[in-house]
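Now for the letters of each chain:
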Amino acid sequence: MRYRPERPIQSEEITPREIFLNRRQFIRATAAAGIAATTGACTPARAGGEPLAAQRNARYSVREGPSNKRLATSYNNFYEFGADKRSPAFRARGLKTRPWQIEISGAVEAPQTLEIDEILKRYPLEERVYRLRCVEAWSMVVPWIGFPLASLLQDMGPTSEARYVEFTTLLDPEQMPRQKGESAIEWPYVEALRLDEALHPLTMLVVGYYGQALENQSGAPIRLIVPWKYGFKSIKSIVKIRVTPKLPRTSWNDAAPHEYGFYANVNPEVDHPRWSQATERRLGKAGRIPTLPFNGYADDVAALYDGMNLKQLY
Ligand SMILES: Nc1nc2c(c(=O)[nH]1)N[C@H]1C(S)=C(S)[C@@H](COP(=O)(O)O)O[C@H]1N2
Ligand SMILES: [Mo]
């Protein structure tokens, strides 16, 4: 089936034809430069795209229909592979996601290193349809497959010192080309949550979407999803989870503290210094829609911030 835009295409959006042309240009360019195109032939079979079944959890799913899969898999933010939306889908193809380990450390009773396949066996997967709202004022609706981060954290047993949870993306400049060059971000990409946010039932570790394993551009083999926060909190391709007593530093907050807060809760009343956050562009749909407080999850999460000034929680 062909995805048809319902309105004129905006510069940063993608149609299948453009994807196709881009891909051909990419393959031609890499061939001309004598670089092996990072396709199947030179990498082991990747899990990305393989079918992955999970029961939908209706309690935690929005009623809206999911965005077209093509949008979620071809319009991405993954700075390790490019600062634009289209590059990650091509440049992340060769990322090796097996073997893959996650090191869990810090203020926990049972620090350990887990294989991704061990994690997949241990935690029952469920599907949840969540809104994803980027700080850049676009959004999607995605049927994620994963499990609550709380399940894993509770198994590790946070100690009485535990206050925050820090997440780290893979650091491998050979595989992640932009880690070699100049960037606003100091690599590896790091993010963090307060412990109660990390333990909230909406907070997920995600390994798939649209009935299949995550593709590399979406943060394979495992990423975080925190639906009431701006998308940059939802860190991809995680290799470390560390429970800490002190507030960890986080990549975007470090790079531009007055633009990207630690909390980064979706809030239509607090504008980004360079644009309004009152409305958003739902990818694949015409026009703009109002942005909801906590991205529509206020009933579930507002209590986490009782007594705090929400306008300062950007
Ligand atoms: N490691 C890493 N994680 C990341 C990013 C990134 O550049 N690097 N971008 C973030 C941003 S800004 C958003 S909006 C989401 C985008 O997720 P998607 O590409 O699956 O839509 O991933 C987040 N996680
Ligand atoms: Mo984002």
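In what follows, the structure referred to is the one given above.
Residues numbered from 1 in each chain as written. Chains lettered and ligands numbered in written order. Predicted model: local features only at pLDDT ≥ 70, side-chain atom pairs only at ≥ 80, totals over all residues. Heavy atoms only, no water.

(A) Layout of the overall build of the protein. Secondary structure summary: the protein contains 8 helices and 13 strands in total. The proportion of buried residues among the 314 residues of the protein is 54%. Taking all contacts inside the protein whose residues are at least 6 apart in sequence as the whole, residues at least 24 apart take part in 72%. Accessible surface for the protein amounts to roughly 14300 Å². Of this, 52% is attributable to carbon and sulfur atoms. (Helix = DSSP H or I, 4+ residues; strand = E, 2+ residues; numbered from the N terminus. Buried < 20%, exposed > 50% of the residue type's maximum accessible area, 1.4 Å probe, protein only. Contact = heavy atoms within 4.5 Å. Areas by Shrake-Rupley, 256 points an atom, 1.4 Å probe, with all protein chains shown as cover.)

(B) Representation of the site of ligand 1 in the model. Looking at ligand 1, there are 16 residues lining it, with Asn-76, Tyr-79, Glu-80, Arg-223 and Lys-236 nearest. Measuring from a nitrogen atom of ligand 1, one finds a backbone N or O atom of Asn-77 at 3.2 Å. Side-chain polar atom of Arg-223 to an oxygen atom of ligand 1: 2.7 Å apart, as the coordinates give it. In isolation ligand 1 has 530 Å² of accessible area, and contact with the protein removes 97% of it. Here the residues of the shell around ligand 1 sort into 8 nonpolar, 5 polar and 3 charged. (Near = heavy atom within 4 Å. Polar contact = N/O pair within 3.5 Å; in protein donor to acceptor, adjacent residues only side chain to side chain. Nonpolar A, V, L, I, M, F, W, Y, C, P; charged D, E, K, R; others polar.)

(C) Highlighting unusual backbone geometry. The omega torsion of the bond from Trp-187 to Pro-188 falls at 0°, within 30 degrees of zero and hence cis. Secondary-structure assignment places Pro-188 in the loop between strand 6 (164–169) and strand 7 (190–194). The omega torsion of the bond from Ala-220 to Pro-221 falls at 0°, within 30 degrees of zero and hence cis. Examined against the element boundaries, Pro-221 turns out to sit in the loop between strand 9 (212–213) and strand 10 (223–225). Positive phi values are uncommon outside glycine, yet Ser-237 reaches one of about 45°.

(D) Up close: the side chain of Thr-73. Of note, Thr-73 is situated in helix 2 (residues 69–74). Judged by relative accessible area, which is 11%, Thr-73 ranks as buried. There is a polar contact of 3.4 Å between the side chain of Thr-73 and the backbone oxygen of Arg-70. Among all residues touching Thr-73, those that are not within four sequence positions of it are Ala-89, Tyr-209, Glu-215 and Gln-217.

(E) Quick peek at helix 5 (residues 149–156). Where helix 5 is concerned, the buried positions are Leu-149, Ala-150, Leu-152, Leu-153 and Met-156. Along the axis of helix 5, the buried positions cluster into a sector of 160°, meaning they face one direction only. Count one or two residues on from helix 5 and you reach Gly-157, which has phi positive near 65°. (Arc of directions from axis to C-beta.)

(F) Quick look at the sheet that holds strand 6. Within the open sheet, the 5 strands sit side by side as 3-2-11-6-7. Their pairing is mixed. Each having just a single partner strand, strand 3 (112–115) and strand 7 make up the two edges of the open sheet. Sheet twist, expressed as the mean angle between neighbouring strand axes with direction ignored, is 15°. Those strands touched by helix 5 are strand 2 (101–106), strand 3, strand 6 and strand 11 (238–244), and its axis lies near 60° from that of strand 11. (Pairing = 2+ DSSP bridges. Axes fitted to C-alpha atoms, helices over the stretch in contact; angles between N-to-C directions.)

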